[in-house]
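What follows is each chain in one-letter form.
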Amino acid sequence: MRPYWLEQALAAESCAPCEPLAGDARADVCIVGGGYTGLWTAIMLKQQNPELEVLLIEADICGAGASGRNGGCALSWSAKYFTLERLFGVEEAVRLVKESERSIHAIGAFCEEYAVDADYRLDGTLYTATNRAQCGSTDAVIAALERNGINSFTQRPLADVQRMAGSSKHLEGWFSPAAASVQPGKLVRGLRRVALQLGVRIHENTAMTGLEEGKPARIKTPNGTVCADRVVLAMNAWMARAFPQFERSVAIVSSDMLITEPRPDLLNEIGLTSGVTVLDSRIFVHYYHNTPDGRIMLGKGGNTFAYGGRMLPVFDQPSPYAGLLQHSLSEFFPAFAKVKVEATWNGPSDRSVTGLPFFGQMSASSNVFYGFGYSGSGVGPCHMGGQILASMVLGLDNAWTRSPLVNGPLGFFPPEPIRYLGSLMVRNAIRRKERAEDHGHRPRHLDVRLARFAAAAGKADKG
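Described in the following lines is the structure provided in the data block. Predicted model only: the values in this text are computed from it and were never measured.

So, on to the pattern of salt bridges. Going through the model one piece at a time under the given rule, you end up with 25 salt bridges. Where Arg419 meets Glu416, a salt bridge forms, and the shortest distance between an N and an O atom there is 3.1 Å. The same class applies to Arg419 as to Glu416, namely buried. It is possible to trace a salt-bridge network through shared partners that takes in Glu13, Arg189, Arg192 and Glu204.

In structure tokens:
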């Protein structure tokens, strides 16, 4: 059983699977990982240099990881402005916000150019508050965007917010047109088709079993070897297990989702009729949008934590938090309380300390590049990741290769078991804090303090 989005995308496909690698192969560039990051990198390399021999290997099928099972919210980095400024300074923070918004539009343009039917809808996003404690929490970051001339958000009257979001649970809302919703499985499979069209060689069901750094580098797989001048590691959450030096650079945590059966009549009734993505102001955020065929997809982050970066079997199963998701669905949309849930699923996301991805070169050589740590917000930023990695592979001197994003991890979590136990302690404190706020109570001081350790997990910086 594949997650809902990927299963739907595969059912609409007529192309054959890419054969596993058998024997030895030679390439200018070998990309490990067939999700958004690996495929965008492959496509951008071929667009800039069609003669380049690009070979991509994927342990499962393209899109089997986070790219085929995320919430489909293509968001910019505008609401992470304070984090960007603190880490990189004003000038780079402003540039990255602009580039992140440009990527949202570029994904739509790409889908149009290559006839990728990914249900791309440039209908914007609403950042909302769903209890009194959340009200005003995004004011400071929006004021900072305004000061720097890069603010795309406007505060909407409450009646507009509740109508656009289809729910009276929202108490305030800021709207930005610079965001989109997509069917993530269709997008990643569309990227795969275009990569093949452009001449990228893809071998699915081909896991990397070893990497010998050197010039050229050798990538070992179960039934063959790839000899390549340059290597891109685009494995995201799987990097932590494959390379011990990265084990503490990310924490592996689930995001859990459900999707309802189609009820376009009810969507019309409640007013949730556009592809707007809606996010509340929790640390472990609720997020939702509708689908063109009349369903609601709703998700919630921050549930299952993996010890030592392990890939748990639960990440490939229906969500163990189905009850919690269903409760949230009926709270947001009482009209959907009795509507059948078509599927639930979850998956691993690679949370970095800052909540932002990082890129770099492996230390032993200058020809192995990596990028990961999207922290559950990769749909839009993976397009930037492709630009960064393609620029690094081609040895370009541009704003991407000069960016401090390419300096490797910007922080590390404590070693195990402290990271795991600490994660659970913080998660439970956040749950208690947000439950108290939902009921109009003041949370315990200790819970508030513990929750601050996870500030980077939120979709928007708080002032």
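Moving on, we get to the packing of helix 4 (residues 90–113) against helix 11 (residues 381–393). Helix-helix packing is described using two parameters, namely the angle between the two axes and the distance between the axes. At their nearest, the axes of helix 4 and helix 11 sit 8 Å apart, and the two run at 105° to each other. Taken together, the axes of helix 4 and helix 11 are roughly perpendicular relative to one another. Residue-level inspection shows Leu96, Glu99, Ser100, Ser103, Ala106 and Ile107 of helix 4 in contact with helix 11, the latter providing His383, Met384 and Gln387.

Inspection of the secondary structure puts Ala180 in strand 7 (residues 180–181). Judged by its relative accessible area of 0%, Ala180 is buried. When the C-alpha atoms of Ala180 and Val276 are compared, they prove to be 7.0 Å apart, with 96 residues separating the residues in sequence. Beyond its immediate stretch of four places on either side in the chain, Ala180 contacts Gly72, Cys73, Ala74, Ile104, Tyr120, Arg121, Leu122, Asp123 and Thr277.

Before going further, it helps to examine the nonpolar core. By size, the foremost hydrophobic cluster in this structure holds 79 residues, and its most contacted members are Ile31, Tyr81 and Leu187. Top contributing element to this core by residue count: helix 4, with eight residues. With near-sequence residues (within four places) excluded, Tyr81 lies in contact with Val90, Ala93, Val94, Val97, Val141, Ala144, Leu145, Asn148, Ile150 and Asp461. Ranked by size, the runner-up nonpolar core spans 31 residues in total, among them Cys30, Ala217, Val226 and Val314.

It is worth spelling out the sheet that holds strand 13 (residues 277–279) at this point. Spatially, 5-6-4-13-14-15-12-16 is the arrangement adopted by the eight strands of the open sheet, whose pairing is mixed. What marks the edges here is a single partner per strand, and that holds for strand 5 (154–155) and strand 16 (341–352). Here two bridges tie strand 13 to strand 14 (residues 286–290), and the two strands are oriented antiparallel to one another. Bridge pairing in strand 14 places Val278 opposite Tyr288. Contacts from helix 1 (residues 4–11) reach strand 12 (250–260), strand 14, strand 15 (296–305) and strand 16 within the one sheet, and its direction differs from that of strand 16 by about 110°. Packing against the sheet, helix 10 (residues 322–332) makes contact with strand 12, strand 14, strand 15 and strand 16, and its axis sits at approximately 140° to strand 15.

Attention now goes to the packing of helix 3 (residues 81–88) against helix 4. Two numbers describe how helix 3 lies on helix 4: the axes approach to 7 Å, and their chain directions differ by 140°. When the interaxial angle is binned, helix 3 and helix 4 end up oblique. Considering only the axes of helix 3 and helix 4, their crossing is right-handed. The residues of helix 4 that touch helix 3, namely those facing Tyr81, Leu84, Glu85 and Phe88, are Val90, Glu92, Ala93, Val94, Leu96 and Val97. Here the contact of helix 3 with helix 4 is built from residues that sort into eight nonpolar, no polar and two charged.

What follows deals with unusual backbone geometry. Omega for the bond connecting Lys215 with Pro216 falls within 30 degrees of zero, at 0°, which places this linkage in the cis form. Glu416 connects to Pro417 through a cis peptide bond whose omega is 5°. Mapped onto the elements of the fold, Pro417 is located in the loop between helix 11 and helix 12 (418–438). A positive phi is found at Asn205, a non-glycine position, where the angle reads about 50°. Here Asn205 lies in the loop between strand 8 (201–203) and strand 9 (210–212). Of note in the backbone geometry, Asn236 takes a positive phi value of approximately 50° without being a glycine. Structurally, Asn236 is set in the loop between strand 11 (224–233) and helix 8 (239–242).

The rules we used
- Residues numbered from 1 in each chain as written.
- Predicted model: local features only at pLDDT ≥ 70, side-chain atom pairs only at ≥ 80, totals over all residues.
- Heavy atoms only, no water.
- Salt bridge = Lys/Arg side-chain N within 4 Å of Asp/Glu carboxyl O.
- Buried < 20%, exposed > 50% of the residue type's maximum accessible area, 1.4 Å probe, protein only.
- Axes fitted to C-alpha atoms, helices over the stretch in contact; angles between N-to-C directions.
- Helix = DSSP H or I, 4+ residues; strand = E, 2+ residues; numbered from the N terminus.
- Parallel < 35°, antiparallel > 145°, perpendicular 65-115°, else oblique.
- Contact = heavy atoms within 4.5 Å.
- Core = buried A, V, L, I, M, F, W, Y, C linked by side-chain atoms within 4.5 Å.
- Pairing = 2+ DSSP bridges.
- Left-handed = near helix turned anticlockwise from the far one by under 90°.
- Nonpolar A, V, L, I, M, F, W, Y, C, P; charged D, E, K, R; others polar.

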